[in-house]
Each structure stands twice: as structure tokens, then as C-alpha cells.
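Per-entry structural report
Read off the chains here:
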Number of protein chains: 2
Amino acid sequence: MDVQHIEIADYFIQAISQGLYQEGDRIPSEAELQVLFGARRSVLRRAVARLEETGWVTTRQGKGSFVTSRKVPIDYELSSRTAFSSIMKEKGIVPRVALLHWEKRAAKQREQDQLALGIDETVYALEILRSTGDVPLSITTTVMPAYLVPDLEAHLTGFHSLYALLSRNYQLQPRRLKSIVRAALPEPRDAQILNIADHAPILQIESFVTHRGVNLMEYSMSRIRGDLNKSCVTF
Amino acid sequence: MDVQHIEIADYFIQAISQGLYQEGDRIPSEAELQVLFGARRSVLRRAVARLEETGWVTTRQGKGSFVTSRKVPIDYELSSRTAFSSIMKEKGIVPRVALLHWEKRAAKQREQDQLALGIDETVYALEILRSTGDVPLSITTTVMPAYLVPDLEAHLTGFHSLYALLSRNYQLQPRRLKSIVRAALPEPRDAQILNIADHAPILQIESFVTHRGVNLMEYSMSRIRGDLNKSCVTF
DNA sequence: AATCATTTGTTCGTATGTATC
DNA sequence: AGATACATACGAACAAATGAT
């Protein structure tokens with residue numbers, strides 16, 4: 001390859017791989033790169049852009065470009081009974097759960113199919129942000145038929161764990177029936193909330209949850225930061 | 001936002017979302033955009049680059065930029081017994097399996113751990129490309145202890161299905177014990193083989209496979225195109 | 001087979017704006 | 001307020017891939 005910006009990017013990929021730059025280190029500024037490589041600034045910017053696209057550095061205006069810290073992904077056990085809070089506690093991580101939004105409304109067409117609802121059925125839809133400390137981890141949209149969780153809004157103040165809420169107030173025992181995972185790109189809004197670039201990979205997990213094996217009581221769609229999660233399935 | 005390239009990119013995201021441009025349609029060339037938006041070429045290129053990063057278009061030198069066709073992801077059943085070929089056949093898709101590479105060598109440290117091997121143990125490592133028709137779908141690296149599949153090279157000519165080979169020649173009945181999924185970015189080489197951009201998301205699936213519940217007989221690491229796959233887990 | 005127009009890719013060169021400290 | 005560093009934009013030239021003549 002005799003394309004300058006790729007050669008320069010490759011140089012840094014090598015250097016970072018070999019430990020010449022540690023996580024969090026700043027790579028040389030554009031002005032310094034200009035001296036080091038004798039290339040035009042536009043070329044250097046392309047090189048850094050490439051490094052950012054491929055996840056090696058993150059760039060911040062006015063500060064510089066920093067080697068992305070390869071956080072250890074958190075193993076998430078994907079099983080029929082899994083609750084975020086309990087997994088985190090097991091690992092000694094302080095979980096933070098925030099209710100971004102909730103609404104009570106008529107079920108959309110897709111939700112009717114997913115939850116096997118009749119037409120004009122009412123659902124509660126919650127949007128939940130899960131974090132560890134101050135690092136956002138995932139956003140989950142969860143939809144439940146309103147008749148299963150009547151007067152849900154009364155229990156949403158001080159929200160901290162969905163399954164604890166369901167168990168305490170409605171004696172519901174959620175059980176995951178099926179999950180569908182896929183790798184994708186985030187919606188712009190999700191990228192912002194999760195504090196990732198809009199081309200950073202996310203893991204989408206759609207889940208179908210029953211109560212006592214009869215009703216489809218919950219449909220959820222999680223969008224999880226790819227750099228912070230590994231989901232584990234045991235057969 | 002009063003940043004030109006973002007405004008222009010957003011215009012096309014809107015237009016594509018509203019069906020003004022269909023999948024596969026060419027968006028205006030840079031010269032045409034120059035007339036339409038009255039912006040510098042560098043700005044227009046940034047706009048198109050943004051569209052490509054976020055998966056709306058794919059650009060080809062000498063031809064133009066085309067609205068990415070949102071292929072329907074192929075559902076992949078992730079269970080204790082799953083073979084690629086049979087899943088594809090069930091769906092009426094013609095699967096194509098190619099052995100990219102194989103080698104017999106000493107197990108690496110990680111592989112010793114993953115397969116619970118002793119030191120200096122020999123393994124076979126295969127690299128398999130799976131496609132549907134002419135569209136590449138996934139690359140899988142699979143590692144097996146050599147003592148379980150002696151003289152494996154003798155059976156690799158005309159390779160078409162790993163599990164058929166294992167069953168026929170070694171009476172092995174693979175059973176998946178555990179899988180770990182995660183969303184990530186591809187290695188440059190994988191991106192090239194899979195015919196995707198090097199910032200396109202991929203689904204990584206690590207699998208641990210046993211034979212009759214005793215031996216860890218296979219460790220595999222699949223890298224699957226995010227745009228073409230949904231993996232489904234039933235509990 | 002060779003040439004040419006079209007289209008994207010790369011680079012050079014300059015200027016100004018904006019965030020950070 | 002000033003220095004540093006990244007962000008955006010203007011302006012121009014040539015390279016490389018593509019498809020048609």
C-alpha cells in the first residue's frame with residue numbers, strides 16, 4: 001500500500017499493538033505528525049480518522065487523540081432467568097439503572113405480533129439505561145401488556161430494577177423464552193446516550209419473556225455497547 | 001446543526017428513509033451534489049463518507065455511491081446441535097463452504113486453556129468461509145486436538161461440511177456446550193474476505209463443543225457479517 | 001485494443017472556527 | 001487573554017477505476 005494515510009494509520013496500529021502507546025496515551029498532535037511524517041494535514045487527519053473508525057483511538061477536540069482503552073468486556077449470562085442487577089452484583093460491579101422514559105399507549109402493530117395481543121390493546125413501554133458507575137452500558141426498550149401490570153406508573157418512582165419491581169408488585173416471575181442477537185450500528189440517539197461513536201458496533205438483543213410459561217408478558221430490545229459486553233449462552 | 005456536511009448527510013438519510021431513494025439506487029455524483037447544494041467537493045465527500053460510515057450507502061470508485069440494500073438477515077439457530085449447512089438447506093438457501101486454510105501445529109497457550117489440553121499438544125486449525133451463493137457470510141476458525149481427528153488432511157479435499165466430515169470419518173457427535181457472542185469490528189483481512197467495510201459491525205460467536213459430553217473437542221471463533229445475520233437462542 | 005468521459009480517491013495548500021486549558 | 005489542538009471549509013490538481021465509444 002503506498003497510500004500515505006493508510007501507511008500512517010498502520011504505523012500507529014503497529015505501535016499501539018506493540019505497546020509503544022499504552023491505553024489512554026495521547027498520540028502526537030496533527031502539528032507533530034506533520035513534522036514526523038512530512039505529510040499534509042489533510043492526510044494526517046484521514047489517518048487519524050481511520051484509526052478512530054477502526055476503534056484504535058478516540059479524538060477530542062481541543063485535547064488530542066487518545067488510544068482507546070480496551071475495557072474488559074463484562075460477561076453477561078444469557079439464560080432463561082437473567083436480571084441485569086443481579087449479574088452486576090455478582091461481579092462486584094455497582095449497577096446503575098435509570099428510567100429514561102415511560103409511556104402507556106396502544107400497542108403498535110409489531111408489538112401486537114410480538115406479544116400476541118389483540119388489536120387496540122394497551123401496553124406500557126419503558127426505556128431503561130443501564131450503567132456501571134458512570135459508564136453507560138445499554139439501553140433497553142421493554143414493552144408489557146397493560147393488563148399484566150396495572151397502574152405501573154405508581155411504582156416507577158425510584159426505579160432501580162425492573163424484575164424486582166415486577167416480582168414485588170405483581171408477583172410476576174419472568175422467564176426468557178427466546179432471544180435474538182445481532183450486531184448492528186446504533187441509532188444516533190442511542191449512540192449519544194451510550195457515549196459511543198455513531199459507527200461503533202452494538203449488540204442488539206431482542207427477548208421474549210413469559211410468565212409461568214403461558215403469557216408472553218414482555219418483549220424487550222436491548223442495545224448494548226459492543227466494546228463493553230460479551231454475552232454468554234450455556235446449553 | 002449548521003455543519004454543512006452533516007446537514008447534507010441528514011438530507012439523504014431522510015430521503016432514503018422516505019423512499020425517495022430505493023435500495024441500490026445511485027445517489028447524485030459529487031459533481032451533481034456540487035450543483036445541488038452549492039458546497040465544496042471536500043464537504044460533499046465528508047457528507048458521503050458519513051453516509052457510508054453509518055451504513056446508508058456504499059461507495060465504489062469510478063461508479064458512484066449506492067443506497068445500501070438492507071438485506072434480510074438470515075436467522076441462525078444457536079443451539080446445542082447446529083450445523084451451518086443444514087440450517088441453510090432448511091431455508092432453501094444454497095450454502096457454499098470453502099476451506100480457506102488449514103494447518104497442523106502445536107496448540108497456542110489460549111487454545112490449551114480453551115480445549116483443556118496439555119502442553120505441547122498438537123491441534124488442527126481450520127479456517128472456513130461460509131457463503132450463500134456468491135455472498136460471503138462468515139469466517140470461522142476452528143481448532144481441534146489432533147488426537148481426536150488423526151490424519152485429518154486426508155479428508156479435506158472437496159471439503160463441504162465440517163460436521164458431516166467429523167461424523168462420517170471419526171464418528172464424532174459434536175455438541176455445543178457454550179457460546180459467547182459479542183459485537184465487534186472486523187480484522188482488516190476478515191473485512192476483505194467478507195466484502196464489508198472495515199468499520200462494518202460483525203457478530204463474533206465463540207463456541208465450545210464437546211463429544212458425548214466428555215471431551216472438549218472443538219473451539220471455534222466465528223466472525224459473521226452483522227448485516228446478514230440474526231442469531232436466535234431458545235431457552 | 002485504445003481512447004475518452006465520468007466518477008471516486010488522494011494529496012497539496014490555505015484560512016478560519018471552536019473547544020480546552 | 002493566549003496558546004494549543006482539533007473541526008470545518010475553500011480551492012486546485014492529479015490518480016485510479018469504470019464503462020462506453
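Everything in this summary refers to the structure shown in the same document.

Reading guide: rules and limits
- Once a new chain begins, its residue numbering starts again from 1 and follows that chain's sequence as written.
- By the order in which they are written, chains take letters starting at A while ligands take numbers starting at 1.
- Two thresholds apply to this predicted model, a pLDDT of at least 70 for residue-level local features and 80 or more for giving and counting side-chain atom pairs, whereas whole-chain, interface and lining totals are computed over all residues.
- As a rule here, side-chain values come from all non-hydrogen atoms in the structure, and water together with hydrogens is ignored.
- Residues are labelled near a given molecule or strand when at least one of their non-hydrogen atoms is within 4 Å of it.
- For this analysis, a polar contact is any N or O atom pair within 3.5 Å, provided that within protein one partner can donate a hydrogen and the other can accept it, and provided that sequence-adjacent residues contribute only side-chain to side-chain pairs.
- Under the DSSP-based scheme used, a helix requires at least four consecutive residues in state H or I and a strand at least two consecutive residues in state E, with every element numbered from the N terminus.
- Each residue gets one label: Ala, Val, Leu, Ile, Met, Phe, Trp, Tyr, Cys and Pro are nonpolar, Asp, Glu, Lys and Arg are charged, and the others, such as Gly, are polar.
- Two residues qualify as a contact provided that any one of their heavy atoms is within 4.5 Å of a heavy atom in the partner residue.
- By buried area we mean the combined loss of accessible area, with a 1.4 Å probe, across both parts when two parts are placed together.
- Here a salt bridge means any side-chain nitrogen of Lys or Arg lying within 4 Å of a carboxyl oxygen belonging to Asp or Glu.
- Paired strands, in this sense, are two strands between which DSSP finds at least two bridges.
- Of the two site types, the cavity is a set of points on a 1 Å grid over the protein atoms alone where a 1.4 Å probe fits but cannot get out, and the pocket is an open set with protein on both sides within 12 Å along at least five of seven lines, each lined by residues with an atom within 4 Å of a point.
- Grid points are joined across faces, edges and corners, and a volume is the space filled by probe spheres set on the points.

Glu30 and Arg45 of chain A together with Gln4, Arg40 and Arg46 of chain B are the nearest of the 23 residues found near DNA strand D. Those atoms of DNA strand D that come within 4 Å of the protein belong to sugar or phosphate at a rate of 73%. With respect to DNA strand D, the side chain of Arg45 of chain A contributes an N or O atom lying 2.8 Å from a phosphate oxygen. Going through the elements one at a time, helix 3 (41-53), strand 2 (57-60) and strand 3 (64-67) of chain A together with helix 1 (4-17) and helix 3 (41-53) of chain B are the ones with two or more residues in the surface near DNA strand D. Top contributing element to the surface near DNA strand D by residue count: helix 3 of chain B, with 4 residues. The residue inventory of the surface near DNA strand D, partitioned by class, reads 2 nonpolar, 11 polar and 10 charged.

Where interface size is given, it is often the accessible area lost as the parts come together that is meant. In this assembly, 33 residues from chain B lie in contact with 33 residues from chain A. Between chain B and chain A, a total of about 2900 Å² is buried, with carbon and sulfur atoms accounting for 62% of that surface. When the shortest N-O distance is used, the salt bridge between Asp198 of chain A and Arg50 of chain B registers 3.4 Å. Contributing elements (two or more residues each) for the side of chain B that touches chain A: helix 3, strand 8 (174-184), strand 9 (202-211) and strand 11 (229-234) of chain B. Sorting elements by how many residues they give to the side of chain B that touches chain A places strand 8 of chain B first, with 9 residues. Inspection of the sheet shows strand 11 (residues 229-234) of chain A paired to strand 8 of chain B by 4 bridges, in the antiparallel sense. Within strand 8 of chain B, the residue paired with Thr234 of chain A across the bridge is Lys178 of chain B.

Empty space left among the atoms is revealed by rolling a probe the size of a water molecule over them. Per the stated rule, a full pass over the model turns up 3 cavities of 30 Å³ or more. For the largest cavity, the calculated volume is near 380 Å³. What lines the largest cavity is a set of 27 residues, among which Tyr76, Phe84, Arg130, Arg176 and Ser222 of chain A lie closest to the centre. Listing elements by their share of the lining of the largest cavity, those giving two or more residues are strand 4 (74-77), helix 4 (84-90), strand 7 (135-145), helix 6 (162-170), strand 8 (174-184), strand 9 (202-211) and strand 10 (215-225) of chain A. Looking at the lining of the largest cavity residue by residue, the classes come out as 12 nonpolar, 11 polar and 4 charged. Put simply, the second largest cavity is a space of about 310 Å³. Considering the residues around the second largest cavity, the lining is formed by 23 residues, among which Tyr76, Arg130, Thr140, Arg176 and Ser222 of chain B are closest to the centre. Broken down by class, the residue content of the lining of the second largest cavity amounts to 10 nonpolar, 10 polar and 3 charged.

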